[in-house]
Structure formats: structure tokens, C-alpha cells
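Here are the chains, one letter per residue:
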Amino acid sequence: MSIDLKSFTKHLRSYALPKYGKGRCGEYVRKALQAGGAKFNGKYPPTGKEYGPALEMLGFHNITVDDPAKFSFVEGDVMVMEPYKGSTAGHVAAYDGKNWISDFVQNDFWAGPRYRNQKPRPTYAVYRY
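Residues numbered from 1 in each chain as written. Predicted model: local features only at pLDDT ≥ 70, side-chain atom pairs only at ≥ 80, totals over all residues. Heavy atoms only, no water.

J.: Sorry, what's going on with the sheet that holds strand E4 (residues 100–101) here?
T.: Sheets are built from strands paired through backbone hydrogen bonds, the pairs being either parallel or antiparallel. If you trace the 5 strands from one edge of the open sheet to the other, you get E1-E5-E2-E3-E4, paired in antiparallel fashion. Since the sheet does not close on itself, it has two edges, and those belong to strand E1 (61–63) and E4, each with one partner. Where E1 meets strand E5 (residues 124–128), 3 bridges bridge the pair, whose relative direction is antiparallel. Considered in E5, the bridge of His61 is made with Arg128. Strand contacts of helix H2 (residues 25–35): strand E3 (91–95) and E4, with the helix running at about 40 degrees to E3, the strand carrying the most contacts. (Pairing = 2+ DSSP bridges. Helix = DSSP H or I, 4+ residues; strand = E, 2+ residues; numbered from the N terminus. Contact = heavy atoms within 4.5 Å. Axes fitted to C-alpha atoms, helices over the stretch in contact; angles between N-to-C directions.)

What follows is the structure, encoded as C-alpha cells:
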């Protein structure tokens, strides 16, 4: 199966909520992946933190990112993050070549103050197609 990364990221940006997310990162990323040609065969990851195996099934592979602030991401990279303290779902977002987008356009890799300010920060994995 082939994923059209331009269609994937264009869909993600087009449907992003105007200011803040509503806890629907997995749904928005899944629909954008489907717009790019992904086939999930009815088996969707239930939460953001569970996207890794689905991304690998689609042909993405895990890449090493030691410091997201210093890494050169490329369009179509997808991050999967463990939850911050007090949450259970985790997070998933994709890079459109300029911004990280989940169900909203994020300010940075960390998806909000609860992820950004937690010490230590939640663990994450980055996948590239």
C-alpha cells in the first residue's frame, strides 16, 4: 500500500480545528492517513499512544529523535506520545512540513503545556514513511 504524504498532510491541515484540540487527535490523524490512501481494515488504534503498530503496518518505520527541538523533521513524520500525568490516551500528531498537527495546529512538538511542562516529559516515538 502506498501513502501519498502530500494528501495526508493537506487533509490534516484542512480539517484542523481553529485553536485548540478536543481530544480527537487519533481520529483526525486516522482520517488524514486515509485521505492519503491508508487502509486500516476497520482496526483503528483506540488512543493516540497506540498508533505505533498501525503506522508500522502502513509502512512507516521508527526513527531516532533525541531532541525534537534540534531535529529536522520532514513532511509526513508522525509522532506518538505517551500520556502526561493524569491522562491515559497519549497523543498522535503529524508534521506537515511547517507545523505539528493533530486535531489542531500545535505550537510545537509537545502538543500543549501539560506535555511541555511535565518533568520528565512523556516518552515518544517518531515514525517516517
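J.: Sorry if this is basic, but what is going on with the environment of Ala89 here?
T.: Note on placement: Ala89 falls in the loop between strand E2 (78–81) and E3. For the pair Ala89 and Gly23, spaced 66 residues apart in sequence, the C-alpha separation works out to 8.8 Å. If near-sequence neighbours (up to four positions away) are discounted, Ala89 is found in contact with Thr47, Gly48, Lys49 and Pro83.

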